[in-house]
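Here is what each chain is made of, one letter per residue.
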Amino acid sequence: MELMQKNLSIKIGKLRLSSPLIAASGTFGYAKELDGLVDFNCFGALITKTVTLGPLTGNKPPRIVETPCGLLNSIGLENPGINIFLEEKWPYFAELNLPVIISIGGKTKNEFIRLIERLDEVKNLSAIEVNISCPNIAKARGATMFSQDADETYNLIKALRRITKKTLIVKLTPNVTDIAQIAASAAKAGADVLSLVNTYFGMSLDINSRKPILGNIIGGLSGPAIKPLSLYALYQVQKTVKLPIIAGGGIMDTKDALEFLICGADALSLGTVNLINTKAASEILQGIKKYLQKNKMSSIRRLIGSLRCQS
Ligand SMILES: Cc1cc2nc3c(=O)[nH]c(=O)nc-3n(C[C@H](O)[C@H](O)[C@H](O)COP(=O)(O)O)c2cc1C
C-alpha cells in the first residue's frame, strides 16, 4: 500500500497541514539560515521565535548548557520586536511554501493585546501562537507566567479572542500542578488549539566556582530528558479538553513521535532535535509512513488517539 502524503495531513483549528510535524518556536532561527540544510517539505508548519512588542536583547550569557539527555536554555526571548520583525523577517517567511505561525510573548495583558491587534492585519498569516509559558522572562507583576494560573489564562485569552478571528494557539507551561486545568481555561476562553509543552524549569552549577552556569541562573530544560514528562502532560490534557493539540517536548525520533500521536497529539512539535540533526523531520516523517504501512493504517488519523489503556 503506497501511502500518499495526503494521508499524513492533519487539521488543527482552521489549518490543514500536509504533515503533522511542526518546527517548535525558537529552535529554527529565522529559517533562512537553514536553506539547503532542512527539507522544509517535511514540515506541516513552522512556528517563529517568539516576538515581543519591543526589541529584547535577551539574558546574560551563557544562555545554553547541555545536561545529561537535555538542553538548558535561558535565551530570554531575544528578538527585534514586532515592527522590525514584520518589516525585515516576515517577507522571507511569507515566501516559504509553508504555513508559518507567528509566536508572540509579552509581560502584560496590554502587550499581548497590542501584538494581536498588529498581527490581525497581517495577510497570509496562518495562525498565532500565544506564548504564555516562557520560563525566561519574568512577568511584570512577579515571577509567574500567565499559564501558571487558570484565571489569568482565561482573562488573557478571552481578551485576545475578542480581537481576532485568526487561529489562536495557546502554548502552555508544564511547570504547574495540573496542566489540564489550565488547558480547560484556555479552551473556555476561546483558544482554537493548545500547544504543549514549553520547557521545564531547571538549573546547572559549576562545582569549582560554585556558581550557576547560566547567566540567568535558571533556564528551561528541553530534549530527551523531558519526554516522559511531556507525554504525561499530553495524556492529562487530551483526557480533559477536546481541542486539537500540538504536542512535543523531547521528541527525538520516530518512536517518540509515534508515542505522542498514539497518546492523542494531532500535530507534533520538534524543537531541540532540530539543533542536533537537521534531517530529523525528514527521518521522522518517513518513519511514521513506514509504521502506518506496516500496521495497515490508511491514514494518520486512525493512529491519533489510538492509545489502548487497560483499566
Ligand atoms: C534554544 C531554545 C529556544 C526556545 N525559544 C522559544 C521561544 O522563543 N518561544 C517558545 O514558545 N518556546 C521556545 N522554546 C521551547 C521550544 O519551542 C519547545 O517548546 C521546548 O524546547 C520543548 O520541546 P523540545 O524538547 O522538542 O525542544 C525554545 C527552546 C529552545 C531549546
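Since this is a predicted model, take the numbers as computed values, not measurements.

**Q** Whenever I open this one, the site of the ligand confuses me. Can you help?
**A** Lining the immediate environment of the ligand, one finds 21 residues, of which Ser 25, Thr 50, Gly 223, Gly 250 and Thr 272 sit closest. Separating an oxygen atom of the ligand from a side-chain N or O atom of Asn 131 is a distance of 3.1 Å. The side chain of Thr 272 places a nitrogen or oxygen atom 2.6 Å from an oxygen atom of the ligand. Protein chains bury 96% of the 600 Å² of accessible surface belonging to the ligand in isolation. Per-class residue counts for the shell around the ligand are five nonpolar, 14 polar and two charged.

**Q** Even after reading the chapter, I still don't get the packing of aromatic side chains, so can you show me in this structure?
**A** When we look at a pair of aromatic rings, we describe it by the centre distance and by the angle of the planes. Evaluated as defined, the whole model comprises seven aromatic pairs. Look at Phe 28 and Phe 40: their rings are 6.0 Å apart centre to centre, the planes differ by 75°, and that puts the pair in the edge-to-face class. Of the two residues, Phe 28 sits in the loop between strand E3 (21-23) and strand E4 (45-47) while Phe 40 sits in the loop between E3 and E4, which places them 12 residues apart along the sequence. The class of Phe 28 is buried, set by a relative accessible area of 5%. Judged by its relative accessible area of 13%, Phe 40 is buried. Judged by centre distance (6.3 Å) and plane angle (35°), the rings of Trp 90 and Phe 93 are tilted. Taken together, the positions of Trp 90 and Phe 93, both in helix H1 (residues 82-95) and three residues apart, correspond to about one turn of that helix. There is no split in this pair, since Trp 90 and Phe 93 are both buried. Among the aromatic residues, ring-to-ring pairing joins Phe 85, Trp 90, Tyr 92 and Phe 93 into one connected group. Taking the ring centre of Tyr 154 as reference, the NZ or CZ of Lys 188 above it sits at 5.3 Å.

What counts, and at which threshold
- Residues numbered from 1 in each chain as written.
- Predicted model: local features only at pLDDT ≥ 70, side-chain atom pairs only at ≥ 80, totals over all residues.
- Heavy atoms only, no water.
- Near = heavy atom within 4 Å.
- Polar contact = N/O pair within 3.5 Å; in protein donor to acceptor, adjacent residues only side chain to side chain.
- Areas by Shrake-Rupley, 256 points an atom, 1.4 Å probe, with all protein chains shown as cover.
- Nonpolar A, V, L, I, M, F, W, Y, C, P; charged D, E, K, R; others polar.
- Phe/Tyr/Trp six-rings, centres within 6.5 Å; stacked < 30°, edge-to-face > 60°.
- Helix = DSSP H or I, 4+ residues; strand = E, 2+ residues; numbered from the N terminus.
- Buried < 20%, exposed > 50% of the residue type's maximum accessible area, 1.4 Å probe, protein only.
- Lys NZ or Arg CZ within 6 Å of the ring centre and 35° of its normal.

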